[in-house]
Amino acid sequence: MSDLTDRFMENVPGRYYVAKLCIGCCLCTAIAPDNFRENDDMELAVGNSYVYRQPENETQEGLCIEAMEVCPASAICNNGLSN
Ligand code: SF4
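Every chain's residues receive numbers from 1 upward, in the order its sequence appears when written. Local features in this predicted model are restricted to residues of pLDDT 70 or higher, and side-chain atom pairs are both shown and tallied only at a pLDDT of 80 or more, whereas totals for entire chains, interfaces and linings draw on every residue. For the side-chain quantities, the full set of heavy atoms in the structure was used; hydrogens and water were omitted.

Details of the site of the ligand
- Val-18, Cys-22, Ile-23, Gly-24, Cys-25, Cys-26, Leu-27, Cys-28, Ser-49, Cys-71 and Ile-76 make up every residue found near the ligand.
- A cavity here means a set of points on a 1 Å grid, drawn over the protein atoms and nothing else, where a 1.4 Å probe fits but cannot get out; a pocket is an open set with protein on both sides within 12 Å along at least five of seven lines, and a residue lines either one if it has an atom within 4 Å of a point. For a cavity or pocket, the test is whether more than half of a molecule's atoms lie within 2 Å of its grid points; if they do, the molecule sits there. Taken atom by atom, the bulk of the ligand overlaps the largest cavity.
- Counted by class, the shell around the ligand contains nine nonpolar, two polar and no charged residues. Put simply, a residue is near a molecule or strand once any heavy atom of it comes within 4 Å of that molecule or strand. Classification convention: Asp, Glu, Lys, Arg as charged; Ala, Val, Leu, Ile, Met, Phe, Trp, Tyr, Cys, Pro as nonpolar; all other residues, Gly among them, as polar.

A closer look at the packing of aromatic side chains
- Aromatic contacts are taken between Phe, Tyr and Trp rings whose centres are within 6.5 Å, Trp giving its six-membered ring; a plane angle under 30 degrees counts as stacked, one over 60 as edge-to-face, and the others as tilted. In the structure shown here, the tally under the stated rule is zero aromatic pairs.
- Cation placement over rings: the criterion is NZ of Lys or CZ of Arg within 6 Å of the ring centroid and within 35° of the ring normal. Here the basic side chain of Arg-7 rests over the ring of Tyr-17, its NZ or CZ set 3.5 Å away from the ring centre.

Quick look at helix α2 (residues 58–70)
- Secondary structure elements follow DSSP: runs of H or I no shorter than four residues count as helices, runs of E no shorter than two count as strands, and numbering proceeds from the N terminus. Multiply 1.5 Å by the residue count of a helix minus one, and that product is the helix's expected span. In a regular helix each residue adds 1.5 Å, so 13 residues correspond to 18 Å; α2 covers 18 Å between its end C-alpha atoms and thus fits that length.
- Listing the buried residues of α2 in full gives Gln-60, Cys-64 and Ala-67. Relative to the axis of α2, the buried residues are bounded by an arc of 60° and lie together on one face. Seen from the open side of α2, the exposed residues pointing more than 90 degrees away from its buried face are Glu-58, Thr-59 and Glu-69.
- Should any heavy atoms of two residues lie within 4.5 Å, those residues are counted as being in contact. Buried residues along α2 sit against β1 (16–18), α1 (27–31), β2 (36–38) and β4 (76–78).
- Whenever a nitrogen or oxygen atom comes within 3.5 Å of another N or O atom, the pair is scored as a polar contact, on the condition that within protein one atom can donate a hydrogen and the other can accept it, and that pairs from neighbouring residues in sequence are kept only if both atoms are in side chains. Between a side-chain oxygen at the N-terminus of α2 and the backbone nitrogen of Thr-59 the separation is 3.1 Å; the capping residue is Asn-57. The buried label applies to any residue whose accessible area, calculated with a 1.4 Å probe on protein chains only, is under 20% of its type's maximum; exposed applies above 50%, and partly exposed to all values in between. By construction, the arc corresponds to the directions joining the helix axis to the C-beta atoms.

Next comes the structure, spelled out in structure tokens:
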């Protein structure tokens, strides 16, 4: 698990976050669009995704877990704490 300095600043506070291992493949934003968003800073050579909303119900929680399981860079983390 990554520590605080390894996560993107855009992540909202809470247990889920995207670490700086992200390769910008956009799988998580396709799977859980209510919680993950792509960084639209066009100056970045390679974009990244981040958590813009923590899951607020079981459906969103399940999709966040699915995104975490399929992330090819293992960049999605859950620190196990409550929001
Ligand atoms: S699935 Fe993982 S590597 Fe792909 S954009 Fe999301 S956090 Fe980044």
